[in-house]
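The chain contents come next:
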Amino acid sequence: MTDQSSHNPDLVQKPETLDATVIDLAIRLGVLALFAYFSLQLIAPFFLFLLWAVVLTAALYPGYSWLAARLGDRKVLSAVLVTLLCLCIVVGPVAVLVASLVATLGDWYEVLSAGAYQMPPLPERIGTLPVIGDRIAEGWQLAGSSLETFFEKVGPMLVPAGGRILGVLAGLTGSVLFFVVSILIAGCLFVPGPSLAKGAKRFADRIIAPRGAEFVDLAGATIRNVSRGVIGVAVIQGLLTGILLLVFAVPFAGVLTFAALFLCIVQIGPALVILPTILWAWSSWEFVPALSFTVLMVPVMLVDNVLRPILMSRGLDVPMLVILIGVLGGTLAHGLLGLFLGPVILAVFYELVIAWVKAGEAA
């Protein structure tokens, strides 16, 4: 069998032509890379805003679509109403809770840096309990003296760290502003959402054809499920917990709320915060306020068992370890924003990797 290229000179590419083709391709790729680099430099300051806005749009789009259908397909009005509702949730309760957390951390810093920490007195009801009252009072006094000695030594060492603590406090306040801007951007994405989704599918098909569109759909479903079933339920529990703590004037309401929110996101639940607070209320308050506080807090502690099966579809099964790593890694990398964004991004990545591996096995 003869080689056709030896008889057809058109099939043989001259070295000069090959070099010119390679140089031409290199120049094109270089120009494209240069434009991509400068474009990314321009987008970089707004990347997290856009990323969080995309997550919010994907999570809230079913609600926006439902509202638009009820309002006679008035898409702009529906987008405005959904945006205003989200702003009310963030600017109202969340801003109050962040302000409470900032004030609490600031007070702690002033007290500890001055070495003036004092244990609160033990409630008389606990000290007078039969059999164990005296032992609890003795242990409380011993712990108080030890902690006061400890903070007297450690307090002066906290002064050089004041800049970092103030930076953390400023970051918490800035996170609320970040959420506000992201919600406004998400509000602008609701109307062109279907066109943007089609564009994302076409782009994904160019990269990982022929399953690009399927992966985009999977990413959107994962964002909606994690946002509603994990982040949404956690925010609802955290806000309800914080509101009740503020209404009943519980000390350190901001810190307790943040701890409850963190525990809810990592799927542990707020019981580790609510139960000790209820015990403290019964030992410090009168019967009626303590009973009212307990009656309101117990349903909040259990509300995730009702909401999560409703908001999260059964088809999504993201391991708790993935959510936990996303929460911890996101918080360490991006602070309060990463607490919400981390588990969503890592869950999407996990689901895409699993789908990619299964597709390879099926092929």
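Above this note sits the structure.
Residues numbered from 1 in each chain as written. Predicted model: local features only at pLDDT ≥ 70, side-chain atom pairs only at ≥ 80, totals over all residues. Heavy atoms only, no water.

1. So, the side chain of Thr 241
By the element assignment, Thr 241 lies in helix α9 (residues 212–247). From its side chain, Thr 241 meets the backbone oxygen of Gln 237 in a polar contact 2.7 Å long. With near-sequence residues (within four places) excluded, Thr 241 lies in contact with Thr 257, Ala 260, Ile 274, Met 297 and Val 300. (Helix = DSSP H or I, 4+ residues; strand = E, 2+ residues; numbered from the N terminus. Polar contact = N/O pair within 3.5 Å; in protein donor to acceptor, adjacent residues only side chain to side chain. Contact = heavy atoms within 4.5 Å.)

2. Some points on the packing of aromatic side chains
All told, the structure shown has 11 aromatic pairs when counted by the stated rule. Here Tyr 64 and Phe 190 contribute two aromatic rings whose centre-to-centre distance is 5.0 Å and whose plane-to-plane angle is 20 degrees, an arrangement assigned as stacked. A residue pair is termed long-range when its members are at least 10 positions apart, and Tyr 64 in helix α3 (residues 47–70) and Phe 190 in the loop between α7 (162–189) and α8 (193–208) qualify at 126 residues. When sorted by exposure, Tyr 64 lands in the same class as Phe 190, which is buried. For the pair Trp 282 and Phe 287, a centre-to-centre distance of 5.7 Å together with 65 degrees between the ring planes defines the contact as edge-to-face. Ring-pair connections join several aromatic residues into one group, and the members of that group are Phe 49, Trp 52, Phe 178 and Phe 179. (Phe/Tyr/Trp six-rings, centres within 6.5 Å; stacked < 30°, edge-to-face > 60°. Buried < 20%, exposed > 50% of the residue type's maximum accessible area, 1.4 Å probe, protein only.)

3. With respect to unusual backbone geometry
One non-glycine residue, Asp 73, lies in the positive phi region at around 60 degrees. Within the element layout of this structure, Asp 73 appears in the loop between α3 and α4 (75–113). With a phi angle near 55 degrees, Ala 249 is a residue other than glycine that sits in the positive phi range. By the element assignment, Ala 249 lies in the loop between α9 and α10 (253–265).

4. Considerations on the pattern of salt bridges
Taken as a whole and assessed by the stated rule, the structure comprises 2 salt bridges. Among the ionic pairs, Arg 28 bridges to Asp 24, the shortest N-O distance being 3.1 Å. Of this pair, Arg 28 and Asp 24 both sit in helix α2 (residues 15–43), 4 residues apart, roughly one helical turn. By relative accessible area, which is 58% here, Arg 28 ends up exposed. The class of Asp 24 is partly exposed, set by a relative accessible area of 36%. As a salt-bridge pair, Lys 201 and Asp 217 come within 3.0 Å of each other at their nearest N and O atoms. (Salt bridge = Lys/Arg side-chain N within 4 Å of Asp/Glu carboxyl O.)

5. As for the environment of Thr 83
Within the fold, Thr 83 resides in helix α4. Judged by its relative accessible area of 9%, Thr 83 falls in the buried class. As a C-alpha pair, Thr 83 and Cys 188 span 105 residues in sequence and 9.0 Å in three-dimensional space. If near-sequence neighbours (up to four positions away) are discounted, Thr 83 is found in contact with Ile 183, Leu 184, Gly 187 and Phe 190.

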